[in-house]
Amino acid sequence: MRHLLSTRDLAREDAIRLLDVAEDMADVQEREVKKLPTLRGKTVVNLFFEDSTRTRISFEAAAKRLSADVINFSAKGSSVSKGESLKDTAQTLQAMGADAVVIRHGSSGAPQTLATSGWIQAGILNAGDGTHEHPTQALLDAFTMRRRLHGTASRGKDLDGVSVAIVGDILHSRVARSNVWLLRTLGAHVTLVAPPTLLPVDVSGWPVAVQYDLDEAIADGPDVVMMLRIQAERMNAAFFPTTREYSRRWGLDEERLGRLRADSIVMHPGPMNRGLEISAAAADSPRSTVREQVANGVSVRMAALYLLLSGAGREQAV
Ligand code: NCD
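Residues numbered from 1 in each chain as written. Predicted model: local features only at pLDDT ≥ 70, side-chain atom pairs only at ≥ 80, totals over all residues. Heavy atoms only, no water.

> Would you explain the pattern of salt bridges in this entry?
Close approach of charged atoms allows side chains of opposite charge to pair. One pass over the structure, following the stated rule, counts 18 salt bridges. Taking the shortest distance from any N to any O, the salt bridge between R261 and D263 comes out at 2.9 Å. Judged by its relative accessible area of 55%, D263 falls in the exposed class. Salt bridges sharing partners connect three or more residues here, namely D215, E255, R256 and R259. (Salt bridge = Lys/Arg side-chain N within 4 Å of Asp/Glu carboxyl O. Buried < 20%, exposed > 50% of the residue type's maximum accessible area, 1.4 Å probe, protein only.)

Structure follows, in structure tokens:
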């Protein structure tokens, strides 16, 4: 693996390998000393042009636990706010000897541009680009599902036959897109559940089923219900009448939670709008994996950095 830009082209064996390495990393997180010397002397730059809490902290923790040097760069307060281009920023990072660049950017395709431009030699990890993809989020979601379903016997397994309902603001969600491709590759069945206004115009090329009614989707008894945040900051028009109406029809409230199959799990990538797409009762219930997802994120990002930077599996281009 040279870069991690999307899940769409990620081969099944590469995805499983990454999830298995993440299991090893999770074992390390159980130890008293959580640090490995693996990436000593390597420099990882977190290049964040968009706000982030958990993804940035998670990548920082992952890089530090592998003993890499970490440089955090956020566009606010940098020369980017003075109009410096992505090219100039990349060339600066190249001159500083960055081995990996973790990039979050408002424009879909920015990580791909960095990876193919020749401006910088570093391995590029996409930490969310516009409404395009967020591959490490999908990988940590798959890791979380696999652990809940297979427990300690997860290694080597995929998600064959698992049914996943992804609910809410699909239109603006890079998390949904990365999940759709990865879950397909791992053998799961995905149903998108949303009002028509929050679905992309044409999903006929996606490997998914579509439903417009959350109650019908719940009646089907999915193994996993993944709630998505209403991304108000990306909305420049009215996509639903009122927030009250949205949560009445598409929110996971306590009553709907009670109608889920007893062994099904509730996921959310965060940040959550409590009371809008997900109620506090659902977010904090034992079937919610929200905090596990955050913890698993560190293990999965350690695996991604390790596979990109240690030279392991260099021949497997992603
Ligand atoms: C997501 C993102 O930024 O795409 N959050 C995350 O990385 N945990 C989803 C969101 O912002 O709603």
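> How should the site of the ligand be read in this particular structure?
R54, T55, R104, H134, Q137, R174, V175, R229, Q231, P269, G270 and P271 make up every residue found near the ligand. At 3.0 Å, a side-chain N or O of T55 approaches an oxygen atom of the ligand. Computed on the free molecule, the ligand has an accessible area of 310 Å², of which 94% lies beneath the protein chains in the complex. Put simply, the ligand lies in the largest pocket. Mapped by element, the contributors of at least two residues to the shell around the ligand are α2 (54–65) and α6 (174–185). A breakdown of the residues in the shell around the ligand according to their chemical character gives three nonpolar, five polar and four charged. Among the domains, domain 1 (12–133 + 294–309) and domain 2 (135–289) are the pair contributing at least three residues each to the shell around the ligand. (Near = heavy atom within 4 Å. Polar contact = N/O pair within 3.5 Å; in protein donor to acceptor, adjacent residues only side chain to side chain. Areas by Shrake-Rupley, 256 points an atom, 1.4 Å probe, with all protein chains shown as cover. 1 Å grid on protein atoms, 1.4 Å probe; cavity = no way out; pocket = protein on both sides within 12 Å on 5 of 7 lines; lining within 4 Å. Sits in = over half its atoms within 2 Å of the grid points. Helix = DSSP H or I, 4+ residues; strand = E, 2+ residues; numbered from the N terminus. Nonpolar A, V, L, I, M, F, W, Y, C, P; charged D, E, K, R; others polar. Domains from an automatic or database assignment.)

> I tried to follow the nonpolar core on my own but got confused; where do I start?
Soluble globular proteins: nonpolar side chains tend toward being buried together. In terms of nonpolar packing, the biggest core is built from 89 residues, with I166, I170, L192 and L305 touching the most fellow members. With residues up to four places along the chain from it excluded, the contact list for L305 reads L39, V44, F59, A62, A63, L66, A100, L125 and S310. (Core = buried A, V, L, I, M, F, W, Y, C linked by side-chain atoms within 4.5 Å. Contact = heavy atoms within 4.5 Å.)

> Just to check I follow, could you spell out the side chain of Q137 for this structure?
Among the structural elements, Q137 can be located in helix α5 (residues 135–150). When near neighbours in sequence (up to four residues on either side) are disregarded, Q137 contacts V175, P269, Q293 and R301.

> What is the right way to read the UniProt feature "binding site: carbamoyl phosphate" (unreviewed entry) in the chain from this model?
Residues annotated by UniProt as "binding site: carbamoyl phosphate" (unreviewed entry) correspond here to R54, T55, R104, H134, Q137, G270 and P271. Checking the named residues against the largest cavity, the ones that line it are R54, T55 and Q137. With relative accessibility at 5%, the residue Q137 sits in the buried group. Following the sequence through the fold, P271 ends up in the loop between β9 (265–267) and α10 (280–283). Once residues within four sequence positions are removed from consideration, P271 is found in contact with R54, R229 and E277. (UniProt positions renumbered as here; feature names shortened; annotations may be inferred.)

> What is the right way to read the packing of α2 against helix α11 (residues 290–309) from this model?
Helix packing for two helices is described by the angle between their axes and how far apart those axes are. As a packed pair, α2 and α11 sit with axes 8 Å apart at the nearest point and diverge in direction by 55°. Looking at the two axes, α2 sits oblique to α11. The handedness of the crossing between α2 and α11 is right-handed. Across the interface between the two elements, R54, T55, S58, F59, A61, A62, A63 and R65 of α2 pack against V294, G297, V298, R301, M302 and L305 of α11. (Axes fitted to C-alpha atoms, helices over the stretch in contact; angles between N-to-C directions. Parallel < 35°, antiparallel > 145°, perpendicular 65-115°, else oblique. Left-handed = near helix turned anticlockwise from the far one by under 90°.)

> Sorry if this is basic, but what is going on with the packing of aromatic side chains here?
Any two aromatic rings considered together are summarised by their centre-to-centre distance and by the angle between their planes. For the structure on display, the rule yields two aromatic pairs. A ring pair is formed by F240 and Y246, whose centres lie 4.9 Å apart and whose planes are at 40°; its orientation type is tilted. Given a relative accessible area of 0%, Y246 falls into the buried group. Among the aromatic side chains, those forming a connected cluster through ring pairs are F240, Y246 and W250. (Phe/Tyr/Trp six-rings, centres within 6.5 Å; stacked < 30°, edge-to-face > 60°.)

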